[in-house]
Amino acid sequence: MEVPYKVVLLFLNIPRPKITYMTFKDTGLNAELLKVIEACGFENPTPIQAQSIPQILSGKDVIGSAQTGTGKTAAFALPILHLLKDGPFNEKVRCLVIGPTRELAAQIKEQFVLFGSKSPSKVCLLHGGVPYKAQNEALSSGVDIIAATPGRLLDHVKNKTIDLSDVEYLVMDEVDRMLDMGFIEDVTKIIRKCTNKNRQTLLFSATVSDSIKRIIANNLKDPVEINIGIQLSPASTVKHEVYPIGALQKFDLLIALMENMKEGSTIIFCRMKDGADRVARWLKEREFNCTVMHSNLSQKLREESLRDFKSGAAQILVATDIASRGLDIASVTHVVNYDVPEHSEDYVHRIGRTGRAQKEGDAATLVALDEMSHLDSIEKLIGMHIPQRRLEGFNYIQEPIIREMPSENQPRRRRNSRSSQFGRRRKA
Ligand code: AMP
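Residues numbered from 1 in each chain as written. Predicted model: local features only at pLDDT ≥ 70, side-chain atom pairs only at ≥ 80, totals over all residues. Heavy atoms only, no water.

### Observations regarding the site of the ligand
What counts here: Residues are classed as near a molecule or strand on a simple rule: at least one heavy atom within 4 Å of it. For this analysis, a polar contact is any N or O atom pair within 3.5 Å, provided that within protein one partner can donate a hydrogen and the other can accept it, and provided that sequence-adjacent residues contribute only side-chain to side-chain pairs. Throughout, the Shrake-Rupley method with a 1.4 Å probe supplies accessible areas, and for residues the shown protein chains are the sole cover considered. When residue character is reported, Ala, Val, Leu, Ile, Met, Phe, Trp, Tyr, Cys and Pro are called nonpolar, Asp, Glu, Lys and Arg charged, and the others, Gly included, polar.
Contacts to the ligand come from 13 residues, most closely from Gln49, Gly69, Gly71, Thr73 and Asp328. Within the backbone of Lys72, an N or O atom sits 3.2 Å from an oxygen atom of the ligand. The side chain of Thr73 places a nitrogen or oxygen atom 2.6 Å from an oxygen atom of the ligand. When the free accessible area of the ligand is taken as 500 Å², the share hidden by the protein chains comes to 76%. Of the residues belonging to the shell around the ligand, the class tally is 2 nonpolar, 9 polar and 2 charged.

What follows is the structure, given as structure tokens:
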């Protein structure tokens, strides 16, 4: 007797894949946008799109829990472009999207430009780290849609180079991250500046803390909640491992890991900006082809780093958690947590940079003794024990060992016999 598929899944306790039966046509988007969507190669709406687009089109405020990588940007950009379609154009700011990082704001702008390619609407990106002049000129020529980070946006409000009183669509993306980064006051000020009574407000956040609940209660009208299930466990396509190691041996272990890896792209996460700089410098000294990204770098350098990493010109990106969220880089095969993240959710976000779109990925976390408690919290959060591994020659050293850190004057460490294709390819 043939056993039905659903019964087999139930018996094996395997969750059924989420299937969206809706087509983009069913969402109510106009023909022009449907053509753009087709040109992008999107066949069907993702779950967040299938649920959000009709609600946004019907004028509802929305609270969305969805991670980057789920098609969240299109879930709000497409219906907003539909709602803006009758103009007026280039007269006033009608849509404002705020996000935590410059890179995320830039990605949002790019998607509005892409989906709005057939619309006369103008999109402007506002973030810090670049001169005001070009932004002022763009604003004075009339823009319809703004993608911004909170600080620079408020500077423009203060300088009266922008007026938010006409904003009809306010989107707050990655709100939990914005609050983590200390933007609570800025976010509140921005909302207060968006005084249009007919404003529709959309809020996206992985988690909803008490502060976020207050923002929702005070600023959203009868919102619809859309929760497509934040994954608090790494994607099943990611193999993740923990390496217990003495703090001072971390760099040597990192080198051994990098030399063992097959070809691909790696993001190495460090907790501190100077730590990221140091690891990148040491890797470069060993002729690894790497680039670095953190918030102390100039905007130009941040953009260059990201461009080089995305294009494959650099195979390693050493970064702080600024790169753990929002960045959509399809080709990352390895994530290494040089430091264990202090906030457990950041582990999931960091690991989420690999194993995207059902591709396989590896995630290694180097854990020193004083980081064990962070690891415990992460394991509690994701509800599983992360397998531990030890590389030959690397023991878990509990006593601090004083040794000189690599410096420019030290001779280069000879590659050992484990040197792999990956290591060799990274020579400058
Ligand atoms: P996001 O979650 O907005 O960062 O989107 C992640 C990636 O998914 C982006 O590269 C989008 O272009 C892509 N994407 C968005 N919607 C769809 C869809 N319906 N089908 C296929 N890819 C999509």
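### Focus on the sheet that holds strand β13 (residues 361–367)
This is how the line gets drawn: Only strands joined by at least two bridges in the DSSP assignment are considered to pair. By the criteria applied, helices consist of DSSP H or I runs no shorter than four residues and strands consist of E runs no shorter than two, each listed in order from the N terminus. Only the contacting stretch of a helix is used when fitting its axis, a line to C-alpha atoms as for every element, and angles between N-to-C directions run 0 to 180 degrees.
Spatially, 6 strands are ordered β8-β13-β12-β9-β11-β10 in an open sheet, and the strand pairing comes out parallel. Each edge of the open sheet is held by one strand with a lone partner, namely β8 (238–244) and β10 (290–293). For this sheet the average axis-to-axis angle between neighbouring strands, irrespective of direction, equals 20°. With 7 bridges joining them, β8 and β13 adopt parallel strand pairing. Within β13, the residue paired with Val242 across the bridge is Thr365.

### Looking at the packing of aromatic side chains
Filter applied, for reference: Stacked, tilted and edge-to-face pairs are distinguished by plane angle, under 30 degrees for stacked and over 60 for edge-to-face with tilted covering the rest, among Phe, Tyr and Trp rings (Trp via its six-membered ring) whose centres lie within 6.5 Å. Only protein chains enter the accessibility calculation, which uses a 1.4 Å probe; a residue whose area is less than 20% of its type maximum is buried, one above 50% is exposed, and one in between is partly exposed.
Enumeration over the complete set of coordinates arrives at 4 aromatic pairs. Note on Phe76 and Phe204: the rings are 5.4 Å apart at their centroids and 40° apart in plane angle, and the pair reads as tilted. With Phe76 in helix α4 (residues 72–83) and Phe204 in strand β6 (residues 200–204), the pair connects residues that are 128 residues apart, well separated along the chain. Take Phe76 and Phe204: they sit in the same class, and that class is buried. Connected via pairs of aromatic rings, a cluster forms that spans Phe76, Phe112 and Phe204.

### Focus: the sheet that holds strand β5 (residues 169–172)
Strand pairing within a sheet occurs via backbone hydrogen bonds; the two strands may be parallel or antiparallel. Keep this limit in mind: Contacts: residue pairs with any heavy atoms within 4.5 Å of one another.
One open sheet accounts for 7 strands, arranged β3-β4-β2-β5-β6-β1-β7; its pairing is parallel. Both outer strands of the open sheet, β3 (123–126) and β7 (224–227), are each paired with one neighbouring strand and no more. Strand-to-strand twist of the sheet, defined as the mean angle between neighbouring strand axes without regard to direction, takes the value 15°. Relative to strand β4 (residues 145–148), strand β2 (residues 95–98) runs parallel, the two sharing 4 bridges. Of the residues in β4, the one forming a bridge with Cys95 is Ile145. Each of β2, β4, β5 and β6 is contacted by α4, which is oriented at about 170° to β6, the strand it contacts most.

### Here's the deal with the environment of Trp282
Relative to the assigned elements, Trp282 resides in helix α12 (residues 273–285). According to the relative accessible area criterion, Trp282 is buried, its value standing at 5%. When the C-alpha positions of Trp282 and Phe251 are compared, they lie 8.5 Å apart, and in sequence the two are 31 residues distant.

### Observations regarding the pattern of salt bridges
Put simply, the test is: Here, a salt bridge means any side-chain nitrogen of Lys or Arg that lies within 4 Å of a carboxyl oxygen of Asp or Glu.
Taken as a whole and assessed by the stated rule, the structure comprises 17 salt bridges. Lys72 serves as the salt-bridge partner of Glu174, at 3.6 Å between the closest nitrogen and oxygen. With a gap of 102 residues between them, Glu174 in the loop between β5 and α8 (175–180) and Lys72 in helix α4 connect regions that are remote in the sequence. Of the two residues, Glu174 and Lys72, neither departs from the other in class, the shared state being buried. For Glu371, the salt bridge is made with Lys250, and the minimal N-O distance between the two is 2.7 Å. Of the two residues, Glu371 sits in the loop between β13 and α15 (372–382) while Lys250 sits in helix α11 (residues 250–260), which places them 121 residues apart along the sequence.

### Focus on unusual backbone geometry
The step from Gly87 to Pro88 runs through a cis peptide bond, and the omega angle for that step is 5°. Checked against the element boundaries, Pro88 lands in the loop between α4 and β2. At Lys160, a position not held by glycine, the phi torsion is positive, near 60°. Structurally, Lys160 can be placed in the loop between α7 (150–158) and β5. Non-glycine residue Glu174 carries a positive phi angle of around 50°.

### Some words on the side chain of Gln200
Within the element layout of this structure, Gln200 appears in strand β6. Gln200 gets classed as buried once you look at its relative accessible area, which sits at 7%. There is a polar contact of 3.0 Å between the side chain of Gln200 and the backbone oxygen of Ile56. With sequence-adjacent residues up to four places away left out, Gln200 is seen in contact with Gln55, Ile56, Gly59, Lys60, Asp61, Leu83, Glu168, Tyr169 and Leu170.

### Side note on the nonpolar core
Filter applied, for reference: As used here, the term nonpolar core means buried Ala, Val, Leu, Ile, Met, Phe, Trp, Tyr and Cys residues forming a set that is joined through side-chain atoms within 4.5 Å.
Within the largest apolar cluster, 36 residues are counted, with the highest numbers of intra-cluster contacts made by Leu29, Phe76, Leu78, Ile80, Cys95, Phe112 and Leu202. If one sorts the elements of this core by residue count, α4 sits on top with 7 residues. Beyond its immediate sequence surroundings of up to four residues, Phe112 is in contact with Phe76, Ala77, Ile80, Leu81, Cys95, Val97, Val123 and Ile145. Residues Ile63, Leu154, Val167 and Ile191 belong to the second largest nonpolar core, which totals 31 residues.

The analysis is restricted to geometry; functional conclusions fall outside its scope.
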